[in-house]
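# Structural overview
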Amino acid sequence: MVDESSQPHLYLFGVTLDILIIIAAYAVSAFTAYSFFKAAKFKATASKETMLQAGFGWLEKLPVSVARVIAYLELLGAAGLLIAPIGYLLGYQWAIWFAVAAGAGLALTMVGAIWLHAVRKESQYTLKMNLQLLAVSMMSASFWALLPLI
């Protein structure tokens, strides 16, 4: 067993690096979770006609249940980004990997969205937002994955 008091701590601006990573991870994760929550709420509650009018052209040939499944996956990812780290901070070391999985899952969702919109030739309208959501999802997963390594 390693004595933690003997291990050197990394400092930045007078604060240990692990505290800075926790703050950054929560800030990015909160933004990511909020963004996906808003998108999921719309997909989970809007009618197919409302989504088609809002520009969800990919739903023309698909049942509305596809949008609902995506919405519930986004809600699970958003919840995982916020709830799992609380378990980690309460002493459940394994819980942090749920936040990593949530961020990675949301990132994969965005890769699928980028692919879908590219196939439908809609990238000129959607690529910027999809890349931004992909980036913050990856950042959330990365920050939480770094924390146990410090």
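Let me begin by describing the structure that accompanies this report. (Residues numbered from 1 in each chain as written. Predicted model: local features only at pLDDT ≥ 70, side-chain atom pairs only at ≥ 80, totals over all residues. Heavy atoms only, no water.)

What follows is about the packing of aromatic side chains. Across all of its chains, the model carries five aromatic pairs by this definition. Between Tyr26 and Trp144, the ring centres sit 5.0 Å apart and the planes meet at 85°, which makes this aromatic pair edge-to-face. Taken together, the residues Tyr26 in helix α1 (residues 17–45) and Trp144 in helix α5 (residues 123–146) connect sequence positions 118 residues apart. Trp144 gets classed as buried once you look at its relative accessible area, which sits at 0%. Members of the aromatic cluster, each reached through a chain of ring pairs, are Phe42, Phe56 and Trp58. (Phe/Tyr/Trp six-rings, centres within 6.5 Å; stacked < 30°, edge-to-face > 60°. Helix = DSSP H or I, 4+ residues; strand = E, 2+ residues; numbered from the N terminus. Buried < 20%, exposed > 50% of the residue type's maximum accessible area, 1.4 Å probe, protein only.)

Our focus in this paragraph is α5. Here α5 contains 24 residues, and its C-alpha end-to-end distance of 32 Å stays within 8% of the 34 Å for a straight helix at 1.5 Å per residue. Where α5 is buried, its residues touch α1, α3 (64–89) and α4 (96–119). (Expected span 1.5 Å × (residues − 1). Contact = heavy atoms within 4.5 Å.)

Our focus in this paragraph is unusual backbone geometry. Outside of glycine, negative phi angles account for most residues, and trans bonds account for most peptide bonds. Backbone geometry at Lys121 places phi at a positive 60°, although glycine is not the residue there. Its location among the elements puts Lys121 in the loop between α4 and α5.

Moving on to the pattern of salt bridges. Scanning the entire structure with this criterion turns up two salt bridges. Two residues, Glu74 and Lys43, come together in a salt bridge whose shortest N-O distance is 2.9 Å. Placement of the pair is Glu74 in helix α3 and Lys43 in helix α1, with a sequence separation of 31 residues. Glu122 serves as the salt-bridge partner of Arg120, at 2.8 Å between the closest nitrogen and oxygen. (Salt bridge = Lys/Arg side-chain N within 4 Å of Asp/Glu carboxyl O.)

What follows covers the environment of Leu147. You can see Leu147 is positioned in the segment after α5. The buried category is assigned to Leu147, whose relative accessible area is 4%. Along the chain, Leu147 and Asp18 lie 129 residues apart, while their C-alpha atoms are 6.4 Å from each other. Not counting residues up to four positions away in its chain, the partners in contact with Leu147 are Asp18, Ile21, Ile22 and Tyr88.

For the rest of this paragraph, the subject is the side chain of Ser140. Within the secondary structure, Ser140 is located in helix α5. The contact partners of Ser140, leaving out residues within four places of it in the chain, are Val28, Ser29, Thr32 and Leu81.

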